[in-house]
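Summary of structural features
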Amino acid sequence: MSEVMEIDLAEYKLSCELRGHDDDVRGICICGDAGFATSSRDRTVRFWSVNQQDKRKYKLSKIMLGHTSFVGPLAWISPNDKFPEGGIVSGGMDTLIMLWNLSTGESVNTMKGHQLQVTGLFVDDNADIVSTSVDCTIRRWRNGQQVELWEAHKAAVQGILKLPSNEIITGSSDSTLKLWRDKTCVHTFVGHTDTVRGLAQMPGLGILSASHDGSVRLWDLTGEVLMEMVGHTSLVYSVHAHVSGLIVSASEDCLSKIWKDGVCVQSIEHPGCVWDAKFLENGDIITACSDGVVRIWTANKDGIADSSAQESYAAQISQYKLSRKKVGGLKLEELPGMESLQTPGTKDGQTKIVREGDNGVAYAWNSSDQKWDKIGEVVDGPEDNLKSPTLDGIQYDYVFDVDIGDGEPTRKLPYNRSDNPYTVAEKWLLKEDLPLSYREQVVEFILQNSGQKNVSIDTSFCDPYTGSNAYIPGVPSRVSDVQSKPVFKHIPKKGMLFFDSASYDGILKKIAEFNATLQSDPQKDLSLTEIEQSRLEAIVKILKDTSHYHCSTFGDVDIALLLKLIISWPVSMVFPVIDLFRMVILHPNGASLLFKHFKDGNDIVMETITKVTTAPALVANQLTIIRVLTNLFKHSYFHPWLQIHRTEILDAFSSCSPTNKNIQVSYSTLVLNYAVLLIEKRDQEGQSQVLSAALEIAEDENQDVDSKFRALVAVGSLMLDGGMKKIAMDFDVQSIAKVAHSSKDTKIAEIGADIELLTR
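Keep in mind that what you see is a predicted model, and the values were worked out from it rather than measured. (Residues numbered from 1 in each chain as written. Predicted model: local features only at pLDDT ≥ 70, side-chain atom pairs only at ≥ 80, totals over all residues. Heavy atoms only, no water.)

Before going further, it helps to examine the nonpolar core. Among the nonpolar cores identified, the biggest contains 100 residues, and Phe-581 and Ile-649 are the most heavily contacted of them. The leading source of residues in this core is helix 13 (residues 661–681), at eleven residues. Setting aside chain neighbours within four positions, we find Ile-649 in contact with Met-606, Ile-609, Leu-629, Trp-641, Leu-642, Leu-670 and Tyr-674. (Core = buried A, V, L, I, M, F, W, Y, C linked by side-chain atoms within 4.5 Å. Buried < 20%, exposed > 50% of the residue type's maximum accessible area, 1.4 Å probe, protein only. Helix = DSSP H or I, 4+ residues; strand = E, 2+ residues; numbered from the N terminus. Contact = heavy atoms within 4.5 Å.)

Structure representation (structure tokens):
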């Protein structure tokens, strides 16, 4: 056992910044004395090696590419005969576990088995890899093959830790930790009130856990809480300990906190969420931030960055805070400057908020003097919802103390800026058993104290809770019918979407063009006969006549012809046939004839998926088959087949041609239809997988607006009607919704607001 180090509790300061990742840095893995690895939302794993000229500095030496979605947990394999420079294991949102040879930076094995995001990894003394996942399981892998599987919790498993005794600790979204001996749970640790996300060993004392409830706890192996560290104002994602007794935690509140004997001795500010924090053996700290930068912090004076680097970092923090600061519900950086006061107002009393330094100041237009009169500084809205006040465990933009006089105790009045103050006032008066005649006074109080004094409120609005008009004093009140269920703009999604338009002339023209090519030797036997060409024209004629869909029919030979062409034609020529097949599915008789082939075991659709997704895959083929699958949802007799093949279908298309707008929209429509179906079927496992797919689309900055919108609708619907809220919260849906809500596109902003409302 290494000698315990004494670290002076001098303040940790920035040592260096390591740039290279293109998106959030999610995980850190200390790789012995060789360096460390980091994982990212940019789908890469990067290895940072020690700079031999200066042992306190690091350089990027390997970039490992292979994951198709963001990468999370990492594990280190010490150098051995197989990996002379060591190996790294990584797990991702794509459900894959990848093994990397650090000598080459190449993947030597990919392990498939988990159904949802991989959340935890370690390598045991026998070189087995042990993994956890949102799919609630623990799996053991030996030589790339799964050798053990067991369900560890009834909710997502979020982390895993191997003890020196070879026992295992897991943390879960069910708010518990579990101690495992082999595959048997020997103890459940109860105490956290939300997801247990991070785990670490505290040398000689016990187990550390980091939780979404904002706390860090130290447990002994009997399940007794030895220490609780409270100070973070949002979700805590990771915790790590040093042999000196120091503890470091990382949180959504943009802080990494350092603890000694249960007391926070320092908070290190970051320009974004801190996903992970780890100690190096020498006591330095590495942090992983959502701004894509890896930072090293030191208490050693010789390792502190120079003054220019310190000043640059202070400027980053200042700019970040400024970008998040809100004034009167508006972002400070988006307010107009003082120069806007040079433009005259349009009416007497018109107000305008302008930016003066780091403050927002209100001005009113004085018509008689033709000038803007300064009113005063505007009351700031909350910097962000991470620091919002809470009441009864719920976060709000404001929680006001209201003194109603007559010796009565002060009452708490919660309010969100997105709420209609009239509705809030009514509900609060009813709850506090106060006269409804006070409503106007309460509304006035809310507007005054939330910096919305000059906001025009429509008092005749349709109450989103009751569907009726707002209460008006003197009119019999119907507010006794008030319910707590809000109305959303875009969720839940009811019904499914289909691709029901086609250029039939273009389809026939393309088929004829390809057929002419096939008529040349040696592929003459694949070409269409004149009779078959006539049959295709007849099929198109039926499809064009939509007014007679209720009575028109196809022959069995028509369906057989399409299936024959899909199977036999070269992959480069098959897409117009698949496109025609897509439209036949929307015809009642065409779909029923196709279903007969399914019942007979002729699963042409799965065969076609395999055919068109095998590299090199063509965009046209991918697009048309995804639309075929989407249209199958139109008929309930295809729903069981769609459920059975859900995993294969989503896996096949989750990473195809991500830059093609049409494919993006088609795939997100497929995901949305799956969400609607699986909510209806109450298929929880399926909903989890679809939620994962939808969130992956929603957080991809390169997605088309329509694609992102449909994915977000799927997310919101699954959270609202499918019961996926807790899993979505574990997938960091708050950040995704926040970004969407700030979008310049109206419908993206609206669905973002819907999801934000769900997360409260």
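The next subject is the sheet that holds strand 8 (residues 97–101). One open sheet accounts for four strands, arranged 6-7-8-9; its pairing is antiparallel. The sheet terminates laterally at strand 6 (71–77) and strand 9 (106–111), the two strands that pair on one side only. The mean angle between the axes of side-by-side strands here comes to 25°, regardless of whether they run parallel or antiparallel. Pairing geometry for strand 7 (residues 87–92) and strand 8, over five bridges, is antiparallel. Looking across to strand 8, one finds that Ser-90 is bridged to Met-98. (Pairing = 2+ DSSP bridges. Axes fitted to C-alpha atoms, helices over the stretch in contact; angles between N-to-C directions.)

This part takes up the pairing of strand 22 (residues 236–241). A large share of strand 22 lies buried, amounting to six of its six residues. Linkage of strand 22 to strand 23 (residues 246–251), two consecutive antiparallel strands, is achieved through a turn of four residues, within which Gly-245 is found at a positive phi near 105°.

Let's shift gears to the environment of Trp-76. Within the fold, Trp-76 resides in strand 6. Between the C-alpha atoms of Trp-76 and Ile-88, which are twelve residues apart in sequence, the distance is 4.9 Å. What Trp-76 contacts, discounting residues up to four positions off in sequence, is Cys-29, Ile-30, Cys-31, Gly-32, Glu-85, Gly-86, Gly-87, Ile-88, Leu-102 and Val-123.

The next thing to look at is the UniProt feature "repeat: WD" (unreviewed entry) in the protein. Per the UniProt entry, the sites bearing "repeat: WD" (unreviewed entry) are residues 18–58, 88–110, 150–180 and 189–221 in this numbering. Across residues 88–110, helical content stands at 0% and strand content at 65%; the span's end C-alpha atoms are separated by 12 Å. Secondary structure content for residues 189–221 is 0% helix and 58% strand, and the end C-alpha separation is 9 Å. (UniProt positions renumbered as here; feature names shortened; annotations may be inferred.)

With that out of the way, let us pick up the pairing of strand 3 (residues 35–40). A large share of strand 3 lies buried, amounting to six of its six residues. Taking every second residue as pointing to the same face, both faces of strand 3 are buried, with Gly-35, Ala-37 and Ser-39 on one and Phe-36, Thr-38 and Ser-40 on the other. Pairing between strand 2 (residues 25–31) and strand 3: six bridges, direction antiparallel. By the bridge assignment, Val-25 is partnered in strand 3 with Ser-40. Remark: three residues form the turn of the hairpin made by strand 2 and strand 3, two consecutive strands paired antiparallel; Gly-32 in that turn has positive phi of roughly 55°. Judged from the five bridges that link them, strand 3 and strand 4 (residues 44–51) form a sheet pairing that is antiparallel. Its bridge partner lying in strand 4, Ser-39 is registered against Val-45. The hairpin turn running from strand 3 into strand 4, its antiparallel successor, is three residues long, and Arg-43 in that turn takes a positive phi close to 80°.

Here the focus is the packing of helix 12 (residues 646–653) against helix 14 (residues 684–698). Between two packed helices, the angle of one axis relative to the other and the distance separating the axes together describe the packing. Direction vectors running N to C along helix 12 and helix 14 enclose 5°, while the axes themselves pass 11 Å from each other. With respect to helix 14, the axis of helix 12 lies roughly parallel. Counting all contacts with helix 12, which are made through Arg-646, Thr-647, Leu-650 and Asp-651, the residues of helix 14 involved are Glu-685, Gly-686, Gln-689 and Val-690. By residue class, the composition of the contact of helix 12 with helix 14 is two nonpolar, three polar and three charged. (Parallel < 35°, antiparallel > 145°, perpendicular 65-115°, else oblique. Nonpolar A, V, L, I, M, F, W, Y, C, P; charged D, E, K, R; others polar.)

A turn of α-helix holds 3.6 residues, and therefore any two residues three or four places apart point the same way. The buried fraction of helix 7 (residues 575–585) is high, at ten of eleven residues. Every buried residue belonging to helix 7 is among Pro-576, Val-577, Ile-578, Asp-579, Leu-580, Phe-581, Arg-582, Met-583, Val-584 and Ile-585, and all of these are buried. On the buried face of helix 7, the contacting elements are helix 4 (504–518), helix 5 (530–544), helix 6 (556–568), helix 8 (588–599), helix 9 (604–613) and helix 10 (619–632).

Below, the discussion takes up the packing of aromatic side chains. One pass over the full model with this rule turns up twelve aromatic pairs. Here the aromatic rings of Phe-189 and Trp-219 are separated by 5.6 Å at their centres, their planes lie at 80°, and the arrangement is edge-to-face. Placement of Phe-189 in strand 17 (residues 184–189) and of Trp-219 in strand 20 (residues 215–219) is noted, with a sequence separation of 30 residues between them. Each member of the pair Phe-189 and Trp-219 is classed as buried. Ring centres of Phe-514 and Phe-575 lie 5.7 Å apart, and the angle between their planes is 85°; this geometry places the pair in the edge-to-face category. (Phe/Tyr/Trp six-rings, centres within 6.5 Å; stacked < 30°, edge-to-face > 60°.)

An ideal rise of 1.5 Å per residue puts 20 Å on 14 residues; helix 10 measures up with 20 Å between its terminal C-alpha atoms. Judged by how many residues are buried, helix 10 sits mostly within the fold: twelve of 14 residues are covered. All of the buried residues in helix 10 are Asn-621, Gln-622, Leu-623, Thr-624, Ile-625, Ile-626, Arg-627, Val-628, Leu-629, Thr-630, Asn-631 and Leu-632. Buried residues along helix 10 sit against helix 7, helix 8, helix 9, helix 11 (639–644), helix 12 and helix 13. (Expected span 1.5 Å × (residues − 1).)

Glancing now at the side chain of Asp-94. For Asp-94, the location among the structural elements is in the loop between strand 7 and strand 8. It turns out Asp-94 is buried and unbridged, and the closest side chain with the opposite charge, Arg-43, is 7.9 Å from it. Of note is the side chain of Asp-94, whose polar atom sits 2.8 Å from the backbone nitrogen of Thr-68. Polar side-chain contacts of Asp-94 include one of 3.0 Å to the backbone nitrogen of Leu-96. Beyond its immediate sequence surroundings of up to four residues, Asp-94 is in contact with His-67, Thr-68 and Ser-69. (Lys, Arg positive; Asp, Glu negative; His and termini not counted. Salt bridge = Lys/Arg side-chain N within 4 Å of Asp/Glu carboxyl O. Polar contact = N/O pair within 3.5 Å; in protein donor to acceptor, adjacent residues only side chain to side chain.)

Attention shifts here to the sheet that holds strand 10 (residues 118–123). With antiparallel pairing, the four strands of this open sheet are ordered in space as 10-11-12-13. Every interior strand has two partners, whereas the edge strands, strand 10 and strand 13 (145–151), have only one. Averaged over all pairs of adjacent strands, the angle between strand axes in this sheet comes to 20°, irrespective of strand direction. Where strand 12 (residues 137–142) meets strand 13, six bridges bridge the pair, whose relative direction is antiparallel.

Note on placement: Lys-708 falls in helix 15 (residues 705–721). With a relative accessible area of 17%, Lys-708 lands in the buried category. Dropping the residues within four chain positions of it, Lys-708 is found in contact with Ile-697, Ala-698, Asp-700, Glu-701, Gln-703 and Ile-748.

Further remarks concern the side chain of Ser-707. Summarising the element assignment, Ser-707 is placed in helix 15. On the basis of relative accessibility, which here comes to 0%, the residue Ser-707 falls in the buried class. At 3.1 Å, the side chain of Ser-707 and the backbone oxygen of Gln-664 are in polar contact. Excluding residues within four positions of it along the chain, Ser-707 makes contact with Gln-664, Val-665, Ser-668 and Ile-697.

Together, Leu-60, Ile-63 and Leu-65 make up an exposed nonpolar region whose accessible area comes to about 270 Å². Topologically, Ile-63 is positioned in strand 5 (residues 54–65). Taking relative accessible area as the criterion, Ile-63 reaches 42% and is therefore assigned partly exposed. (Patch = residues over 30% accessible without salt bridge, like charges linked within 9 Å, V, L, I, M, F, W, Y side chains within 5 Å. Areas by Shrake-Rupley, 256 points an atom, 1.4 Å probe, with all protein chains shown as cover.)

When the charged atoms of two side chains with opposite charge come close together, those side chains can pair. Taken as a whole and judged by the stated rule, the model has 29 salt bridges. For the salt bridge of Asp-135 with Arg-139, the shortest nitrogen-to-oxygen distance reads 3.3 Å. Arg-139 shares its class with Asp-135; the two are buried. Taking the shortest distance from any N to any O, the salt bridge between Asp-558 and Arg-535 comes out at 2.7 Å. In this pair, Asp-558 sits in helix 6 while Arg-535 sits in helix 5, placing the two residues 23 residues apart along the sequence.

This part is about the packing of helix 4 against helix 5. Where helix 4 meets helix 5, the closest approach of the two axes is 11 Å, and the angle between their N-to-C directions is 170°. In terms of axis orientation, helix 4 runs roughly antiparallel to helix 5. Only Gln-533, Leu-536, Glu-537, Val-540, Leu-543 and Lys-544 of helix 5 make contact with helix 4, whose side of the interface consists of Tyr-504, Asp-505, Leu-508, Ile-511 and Asn-515. Within the contact of helix 4 with helix 5, the residues separate by chemical class into six nonpolar, two polar and three charged.

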